[in-house]
Amino acid sequence: MAAPTFWIETLGCPKNAVDSDKVRASLVADGLVAAAAPDSADVVVVNTCAFVEAARQESVETILALADARRKGSKLVVTGCLAEREGTELAAAIPEADAVIGFGGEGALADVLLDAPRRKPTGVRDLLELPRAIPSAPWAYLKVAEGCDRACTFCAIPSFRGTQRSRTPDAIVDEARQLVDGGVAELVLVAQDLAWYGHDVRETGALVPLLRRLDAELAPSGLRRIRLLYLYPSEVRDPLVSTMLELPTVVPYFDLSLQHADRALLARMKRWGSGERFVSMIDGIRDQEPEAVFRSSFIVGFPGETEAEHDALVAFLAEARLDWAGFFPFSREAGTPAATMDGAAPAELVGEWLRECDEVQTPITEGARDALVRAGVELEVLVDGVDDDTGDAVGRTHREAPEIDGVVRLEGAASRPGVVVRAKATDALGVDLVANPIEVVA
Ligand code: SF4
């Protein structure tokens, strides 16, 4: 009898993508085989996101679309944050789903679906520790912790992901080694609050020794880049910053979780910082490392946000000149303190504020790309793949995180994924760069 086949559809953030990788590995370990498309799979898994209302809607629409598209008789399973957070309601509202399974069952979906022999105990930590398949791309997310210890008033994540649970350095290095041995050249470390890694096991500053270990043990095996995503701003200081700037594999890419720039509004969010502190942090890092790159995202229309507070955000954007920034309308999340706060700005005004943020940020982002071209900068591009239409290799430098920032197109080069090419920037197309290959570096 042919092995049953599965398809996983992933929504949401990189952390969810790692969970999907691990679910995929657990299904393969239980004897299932990946299908080429959802309509040929025996089991269709939708790994949902529940971060904000728009993400929940997208998850539900995806579940319904796949319910329609799936082959007659195949099973539809909903997992992930929405299944964990609103599982009972979801199961009642979407009878098309054969199973709605929260985090506790994600590591053993085959048990539920196909009555396969129980392979491992289940649970969030077990999912974290499950082995995973080597990705076809030369980069991979690596989750170092789950959950969050903070209490930002707009955020529901701690309520369904729990407080922080850090993986051991040995487990992380082992997984990293498997990925690097399988051809991964860039590791993208993720957690809800990455710089807080280790605090739950009373190891403050544990990220620094972890980075040193990854660099020392895996650079000789082919690891070229370590990228850190989601740094809470109060933790972006020495020794983390000096270590990031010192270690050759750690790229000077600072993904700061800022959310706003007005001190009073940040206090209402129960978050650290102010625009002045952020600018001084960013300037201080730029003084030490002119190649440093900064990304952040911001919430627009938090309850009670005034014109003056919004203006403070806009002024901060103009002064900080972040390389990359995203802006999101405030989303009222049930169960969070901010859900019951008064003073929500009208949707029309929030739309106007979002446009204003984009109008300030877009020329900054695109201007930084143009400046690289004008300066004829030489780039070190890790090739991610090949553009099917043009046949050109497409990759990224340290300036671009995968899946979220722009890319670099290498004109006339058809390099393999994983190759590193030195190239000269010749043109900027919005957020993407075009570059002329000079030589293969590795
Ligand atoms: S630090 Fe991030 S994940 Fe944690 S509560 Fe704040 S916004 Fe949510």
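What counts, and where the lines are drawn
- Think of each chain on its own: its residues are numbered from 1, step by step along the sequence as written.
- Note on the predicted model: pLDDT of at least 70 is required for a residue's local features to be given, and 80 or more for side-chain atom pairs to be given and counted; whole-chain, interface and lining totals, by contrast, use all residues.
- Paired strands are those between which DSSP finds at least two bridges.
- Under the DSSP-based scheme used, a helix requires at least four consecutive residues in state H or I and a strand at least two consecutive residues in state E, with every element numbered from the N terminus.
- By the convention adopted here, residues are in contact when the distance between their C-beta atoms, placed from the backbone, does not exceed 7 Å.
- Note on method: axes are straight lines fitted to C-alpha atoms, helices fitted across the in-contact stretch only, with angles between N-to-C directions ranging 0 to 180 degrees.
- Residue proximity rests on one test: whether the C-beta atom, placed from the backbone, lies within 6 Å of the molecule or strand.
- Under the scheme applied here, ten amino acids are nonpolar (Ala, Val, Leu, Ile, Met, Phe, Trp, Tyr, Cys and Pro), four are charged (Asp, Glu, Lys and Arg), and all others, including Gly, are polar.
- Roughly parallel refers to an angle under 35 degrees, roughly antiparallel to one over 145, roughly perpendicular to one between 65 and 115, and oblique to any angle outside these ranges.
- By convention the crossing between two helices is left-handed if the near helix lies anticlockwise of the far one by an angle smaller than a right angle, and right-handed if it lies clockwise.
- The burial label depends on the number of other C-beta atoms within 10 Å of a residue's C-beta. Counts of 20 or more mean buried, 12 or fewer mean exposed, and intermediate counts mean partly exposed, with C-beta atoms placed from the backbone.
- Here is how to tell: hold the view so the strands point away, follow the path from the first strand over the helix to the second, and if it runs clockwise the crossover is right-handed.
- Bend is computed residue by residue as the angle between axes fitted to the seven residues ending at the residue and the seven residues starting at it.
- The source of the domain bounds is an automatic or database domain assignment.
- Take the residue count of a helix, subtract one, and multiply by 1.5 Å to get its expected span.
- The nonpolar core is taken to be a set of buried Ala, Val, Leu, Ile, Met, Phe, Trp, Tyr and Cys residues joined by way of C-beta atoms within 7 Å.
- On a range of 0 to 100, pLDDT expresses the predictor's confidence in each residue.

A. Spatial organisation of the sheet that holds strand 2 (residues 33-34). Read from one edge to the other, the open sheet built from 5 strands follows the order 2-1-3-4-5, with strand pairing classed as parallel. Single-partner strands in this sheet number two, and they are strand 2 and strand 5 (99-100). Examined bridge by bridge, strand 1 (residues 5-10) and strand 2 share 2 bridges and lie parallel to one another. Along strand 2, the bridge assignment pairs Phe 6 with Ala 34. Against the sheet, helix 1 (residues 14-29) contacts strand 1, strand 3 (43-48) and strand 4 (75-80), and its axis sits at roughly 175° relative to strand 1. Sheet strands touched by helix 2 (residues 53-69): strand 1, strand 3 and strand 4. Its angle to strand 3, the strand with the most contacts, is close to 170°.

B. Highlighting the site of the ligand. As a structural note, the neighbourhood of the ligand is formed by Cys 148, Arg 150, Cys 152, Cys 155, Ile 157, Pro 158, Gln 192, Asp 193, Tyr 232 and Ser 257. Its residues assigned to classes, the shell around the ligand shows 6 nonpolar, 2 polar and 2 charged.

C. Representation of the packing of helix 12 (residues 307-320) against helix 13 (residues 347-374) in the model. Packing of helix 12 against helix 13 brings their axes to within 9 Å, and their N-to-C directions diverge by 15°. Comparing the axis directions of helix 12 and helix 13 gives the class roughly parallel. As for the relative orientation of helix 12 and helix 13, their crossing is right-handed in sense. When helix 12 is examined against helix 13, the residues His 310, Leu 313, Val 314, Leu 317 and Ala 318 are found in contact with a partner set consisting of Trp 353, Glu 356, Cys 357, Val 360 and Gln 361.

D. Structural context of the sheet that holds strand 17 (residues 420-429). Reading around the barrel, the 5 strands line up as 14-15-16-18-17 and close back on themselves, with mixed pairing between neighbours. Ignoring strand direction, the axes of neighbouring strands in this sheet form an average angle of 50°. Lying on the sheet, helix 13 is in contact with strand 17 and strand 18 (432-440); it crosses strand 17 at an angle near 120°.

E. Layout of the pairing of strand 3. Burial analysis of strand 3 places 6 of its 6 residues in the buried class, which makes it a mostly covered element. Residues Val 43, Val 45 and Asn 47 of strand 3 are buried on one face, and the alternating residues Val 44, Val 46 and Thr 48, pointing to the opposite face, are buried as well. Across 6 bridges, strand 3 lies against strand 4 in parallel orientation. Counterpart to Val 44 in the pairing with strand 4 is Leu 76. In this view, the connection linking strand 3 to its parallel neighbour strand 4 by way of helix 2 has right-handed handedness.

F. Structural detail: helix 3 (residues 81-93). Along helix 3, the helix axis deviates most sharply at Gly 87, where the bend reaches about 95°. Packed against the buried residues of helix 3 are strand 3, helix 2, strand 4, strand 5 and helix 6 (157-161).

G. Here's a closer look at the domain arrangement of the protein. Parsing the protein into structural domains produces domain 1 (5-125), domain 2 (133-373) and domain 3 (376-440). Using only C-alpha atoms to locate each centre, domain 1 and domain 3 end up separated by 34 Å.

H. How the structure looks around helix 7 (residues 169-181). Between the first and last C-alpha of helix 7 there are 18 Å, a value that for 13 residues agrees with the 18 Å anticipated at 1.5 Å per step. Looking at the packing, one finds that the buried side of helix 7 touches strand 6 (139-143), strand 9 (186-190) and helix 8 (207-218). Looking at the residues trailing helix 7, positive phi occurs at Gly 183, about 110°.

I. Layout of the packing of helix 11 (residues 275-288) against helix 12. Remark: helix 11 packs on helix 12, axes separated minimally by 10 Å, with the N-to-C direction vectors making an angle of 10°. As the angle between them shows, helix 11 and helix 12 are arranged roughly parallel. For the pair helix 11 and helix 12, contact is made by Gly 275, Phe 278, Val 279 and Ile 282 and by Ala 312, Phe 316, Glu 319 and Ala 320, respectively. Looking at the contact of helix 11 with helix 12 residue by residue, the class counts come to 6 nonpolar, 1 polar and 1 charged.

J. Fine view of the nonpolar core. The biggest cluster of nonpolar side chains holds 90 residues, and the ones touching the most others in it are Leu 142, Leu 187, Leu 194 and Tyr 197. Look past the residues within four positions of Tyr 197 in its chain and what remains in contact with it is Val 144, Ala 145, Ser 166, Ala 191, Ala 206, Leu 207 and Leu 210. Among the nonpolar cores identified, the runner-up in size contains 31 residues, and Leu 11, Leu 66, Val 78 and Leu 90 belong to it.

K. How the structure looks around the environment of Ala 442. Position of Ala 442 among the secondary structure elements: in the segment after strand 18. It is 42 Å that separates the C-alpha atoms of Ala 442 and Arg 355, two residues lying 87 residues apart in sequence.

L. Examining the confidence of the model for the protein more closely. For the protein, per-residue confidence averages 91 on the pLDDT scale, and residues scoring 70 or more make up 96% of the total. In this model, residues 116-121 is a region of pLDDT below 50 whose contacts with residues beyond four sequence positions or in other chains number 13 contacts.

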